[in-house]
Amino acid sequence: FGLDVIVTTPSGAKGFALRSTLSVIGTNALRLQITPDRDFKNPYSANENITFFGLLSYQNGTPVSGENLTVELSSKGSSPRVVGTAITDATGSVVLRYNVSTKDTDGEYFVHGFITNNTDVQSYSGYSVSSLRVSANTSGTLFNLGQTITIGINIINKSSGSQVNATSGFLHIFIPSK
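Residues numbered from 1 in each chain as written. Predicted model: local features only at pLDDT ≥ 70, side-chain atom pairs only at ≥ 80, totals over all residues. Heavy atoms only, no water.

## Comments concerning the overall build of the protein
Turning to step 1, where the next piece is worked out: Each helix and strand in the protein was counted, giving zero helices and 13 strands.
Turning to step 2, where the next piece is worked out: Written out in order from the N terminus, the α and β elements of the protein read β-β-β-β-β-β-β-β-β-β-β-β-β.
Turning to step 3, where the next piece is worked out: The buried share among the 178 residues of the protein stands at 25%.
Turning to step 4, where the next piece is worked out: Summarising the internal contacts of the protein: among those between residues at least 6 apart in sequence, 51% fall at separations of at least 24. (Helix = DSSP H or I, 4+ residues; strand = E, 2+ residues; numbered from the N terminus. Buried < 20%, exposed > 50% of the residue type's maximum accessible area, 1.4 Å probe, protein only. Contact = heavy atoms within 4.5 Å.)

## Topic: the confidence of the model for the protein
Turning to step 1, where the next piece is worked out: Residues of the protein with pLDDT of at least 70 account for 85%, and the chain-wide mean is 84.
Turning to step 2, where the next piece is worked out: Taking the mean pLDDT of every element in the protein, the minimum, 62, falls on strand 4 (residues 20-21) and the maximum, 96, on strand 9 (residues 93-99). (pLDDT = per-residue confidence, 0-100.)

## Description of the pairing of strand 8 (residues 81-87)
Turning to step 1, where the next piece is worked out: Direction of pairing for strand 7 (residues 68-75) relative to strand 8: antiparallel, over a ladder of six bridges. Across the sheet, E72 pairs through a bridge with V82, a residue of strand 8.
Turning to step 2, where the next piece is worked out: Hairpin remark: strand 7 followed by strand 8, antiparallel, with five residues in the connecting loop; positive phi at G77, about 85°. (Pairing = 2+ DSSP bridges.)

## Looking at the sheet that holds strand 9
Turning to step 1, where the next piece is worked out: Read across the sheet, three strands follow the order 5-6-9 without closing on themselves; strand pairing throughout is antiparallel. Sheet topology places strand 5 (30-36) and strand 9 at the edges, where each strand pairs with a single neighbour. The average angle at which neighbouring strand axes cross in this sheet is 15°, direction not considered.
Turning to step 2, where the next piece is worked out: Of the strand pairs in this sheet, strand 6 (residues 49-58) and strand 9 are connected by seven bridges, and their pairing is antiparallel. Paired with T51 across the strands is R97, a residue of strand 9. (Axes fitted to C-alpha atoms, helices over the stretch in contact; angles between N-to-C directions.)

## Some details on the nonpolar core
Turning to step 1, where the next piece is worked out: Counting residues in hydrophobic clusters, the biggest one holds 22 residues, and the most contacted among them are F52 and Y127.
Turning to step 2, where the next piece is worked out: Of all the secondary structure elements, the ones that give two or more residues to this core are strand 5, strand 6, strand 7, strand 8, strand 9, strand 10 (107-115) and strand 11 (118-129).
Turning to step 3, where the next piece is worked out: Beyond its immediate stretch of four places on either side in the chain, Y127 contacts P36, F40, Y44, I50, F52, L73, Y98, G107, E108, Y109 and V111. (Core = buried A, V, L, I, M, F, W, Y, C linked by side-chain atoms within 4.5 Å.)

## Some thoughts on the packing of aromatic side chains
The geometry of an aromatic ring pair comes down to the distance between the two centres and the angle between the two planes.
Turning to step 1, where the next piece is worked out: Inspection of every chain in the model, using the stated rule, returns three aromatic pairs.
Turning to step 2, where the next piece is worked out: With 5.3 Å between their ring centres and 10° between their planes, Y109 and Y127 make a pair best called stacked. Taken together, the positions of Y109 in strand 10 and Y127 in strand 11 put the pair 18 residues apart, joining distant regions of the chain.
Turning to step 3, where the next piece is worked out: Residue classification places Y109 among the buried positions, given a relative accessible area of 2%.
Turning to step 4, where the next piece is worked out: You can call Y127 buried: its relative accessible area is 0%.
Turning to step 5, where the next piece is worked out: Taken together, Y44, F52, Y109 and Y127 form an aromatic cluster joined through their ring pairs. (Phe/Tyr/Trp six-rings, centres within 6.5 Å; stacked < 30°, edge-to-face > 60°.)

## Regarding the sheet that holds strand 10
Turning to step 1, where the next piece is worked out: With respect to topology, four strands assemble into an open sheet ordered 8-7-10-11, the strand pairing being antiparallel. Taken across any chain shown, the strands that pair with only one partner, and hence form the sheet edges, are strand 8 and strand 11. Pairwise comparison of adjacent strand axes, ignoring direction, gives a mean angle of 20° for this sheet.
Turning to step 2, where the next piece is worked out: Judged from the nine bridges that link them, strand 10 and strand 11 form a sheet pairing that is antiparallel. Along strand 11, the bridge assignment pairs H112 with Y124.

Structure follows, in structure tokens:
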């Protein structure tokens, strides 16, 4: 299993631990994965549907059928609310859908999946909601060392189509992994 840790302090500072790996052994060890159909970097908007995919299997990959799974979500400062429950099919899979409402404010949401009435086997993932469409364009795609790069950021409110100004932001330039 992979382990990602992100923390936020009361002042809003964020920290990230290096990705690590957890191993669970034993022939009866169960593995549960509940994931939305998008990652954090591709946020949902109000009135969009999220599809959650669940997979329950033994550690060796054999699917577990007939188990009732519960999926709930929450955001910072909110209590978890149940999205739904479903019984795993012959492939160990479930599919649940959730419609992002206008009450779901911009931010990060946490998804918690577990075997109903048995929280020994759990899964955590997440997604984000944003009312903004942000695009970036540069003055080119190939630059020489020391050359100035001009980056234009365009922010549009998805509901009104109007351009908006940001009061803060974050830009991360990185080397893509292969």
